[in-house]
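Report on the structure
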Amino acid sequence: MADEEKKSEIKLDAKLQKIAEQIEKLTVLEVADLAKYLEEKFGVSAMPMMAAAGVAGAAPAADAEPAEEKTAFNVVITGAGEQKLAVIKAVRELRQDLGLMDAKKLVETPPQELLTGVKKEEAEEAKTKLEAAGATVELK
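Every chain's residues receive numbers from 1 upward, in the order its sequence appears when written. Residue-level local features of this predicted model are given only where pLDDT is at least 70; pairs of side-chain atoms are given and counted only at 80 or more, and the full residue set underlies all totals for whole chains, interfaces and linings. Remark: hydrogens and water are excluded; side-chain values derive from all non-hydrogen atoms of the structure.

Where we set the bar: UniProt positions are given in the numbering used here, feature names are shortened, and annotations may be inferred rather than shown by experiment.
Identification of the protein as Large ribosomal subunit protein bL12 is taken from an unreviewed UniProt entry. A UniProt comment under Sequence similarities (unreviewed entry) is attached to the protein, and it reads "Belongs to the bacterial ribosomal protein bL12 family." As stated in UniProt under Function (unreviewed entry), the record for the protein gives "Forms part of the ribosomal stalk which helps the ribosome interact with GTP-bound translation factors. Is thus essential for accurate translation."

**Observations regarding the overall build of the protein**
Applied cut-off: Helix and strand definitions follow DSSP, with helices as H or I runs of at least four residues and strands as E runs of at least two, each counted in order from the N terminus. The cut-offs for exposure are 20% and 50% of the maximum accessible area for each residue type, with area from a 1.4 Å probe on protein chains only; residues under the lower value are buried, those over the upper are exposed, and the others partly exposed. Contacts were defined at the residue level, with two residues in contact if any of their heavy atoms lie within 4.5 Å. Areas reported as accessible are Shrake-Rupley estimates using a 1.4 Å probe. Residue values count occlusion only from the protein chains shown.
Helix and strand counts for the protein come out as seven helices and three strands. Secondary structure elements in the protein, listed N-terminal to C-terminal, are α-α-α-α-β-α-α-β-α-β. Taking all 140 residues of the protein together, 24% fall into the buried category. Across the protein, every contact between residues at least 6 apart in sequence was considered, and the portion connecting residues at least 24 apart equals 68%. As displayed, the protein has an accessible area near 9,800 Å², and 55% of this comes from carbon and sulfur atoms.

**What to know about the packing of helix H5 (residues 84-94) against helix H6 (residues 100-108)**
To keep things clear, this is the line we draw: With axes taken as lines fitted to C-alpha atoms, and helix axes fitted only over the stretch in contact, angles between N-to-C directions fall between 0 and 180 degrees. Relative orientations are named as follows: roughly parallel for angles under 35 degrees, roughly antiparallel for angles over 145 degrees, roughly perpendicular for angles from 65 to 115 degrees, and oblique for any other angle. Each crossing gets its hand from how the near helix is turned against the far one by less than a right angle, where anticlockwise is left-handed and clockwise is right-handed.
In contact at an axis separation of 9 Å, H5 and H6 are set at 120° when each is read in the N-to-C sense. As far as their axial angle goes, H6 and H5 are oblique. Between H5 and H6 lies a crossing whose hand is right-handed. In contact with Lys 84, Val 87, Ile 88, Val 91 and Arg 92 of H5, H6 contributes Leu 100, Ala 103, Lys 104, Leu 106, Val 107 and Glu 108.

**Concerning the nonpolar core**
This is how the line gets drawn: In plain words, nonpolar cores are sets of buried Ala, Val, Leu, Ile, Met, Phe, Trp, Tyr and Cys residues tied together by side-chain atoms within 4.5 Å.
One finds Val 75, Val 87, Val 91, Leu 114 and Leu 130 to be the most contacted residues of the largest nonpolar core, which totals 21 residues. Mapped by element, the contributors of at least two residues to this core are strand S1 (73-79), H5, H6, strand S2 (112-118) and helix H7 (120-133). Excluding anything up to four places from it in sequence, Leu 130 contacts Val 75, Ile 77, Val 87, Ala 90, Val 91, Leu 94, Leu 114, Ala 135 and Val 137.

**What to know about the confidence of the model for the protein**
Test applied: Confidence per residue, as judged by the predictor, is encoded in pLDDT with a range of 0 to 100.
A residue-level look at the protein finds 75% of positions with pLDDT of 70 or above and a mean pLDDT of 78. Here residues 49-53 is modelled with pLDDT under 50, and outside its nearest four sequence neighbours on either side it reaches four contacts, counting other chains as well.

**A closer look at the pattern of salt bridges**
Stated formally: Just to be clear on terms, a salt bridge is a Lys or Arg side-chain nitrogen sitting within 4 Å of an Asp or Glu carboxyl oxygen.
Applying the stated criterion to the full structure yields four salt bridges. Between Lys 129 and Glu 93 there is a salt bridge, with the nearest N and O atoms lying 2.9 Å from each other. Here Lys 129, found in helix H7, pairs with Glu 93, found in helix H5; they are 36 residues apart in sequence, far enough to count as distant. Here Lys 129 falls in the partly exposed class, since its relative accessible area comes to 34%.

Quick look at the structure:
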């Protein structure tokens, strides 16, 4: 996964790269505390991003409904298993628009739709990746 992150399109200067590397080493609880601190310190919230992601995720489903044959699938996480951290990482790989806290909430409160209106191949890949991380997944 570290190699995939280095291939990211976003290039950071050395100072930001060092901060990002330190954040990557934090536990989920430490990141949650950091997020709360930043929300209070700067008066921002991650909630609008979650709402925007829900609206963006709903659009492909509307386009896929007229088809007679099932060509669009929803990927639903029905359980996180014992490896929640691995599942959260897999969720963030699949939905890069989700912040850490949003991904954590999604994993900890099943059943939750992760992907909506995706092609069968993409849905199968997501299911495989999530199951490898320890999650229980359904395609609908």
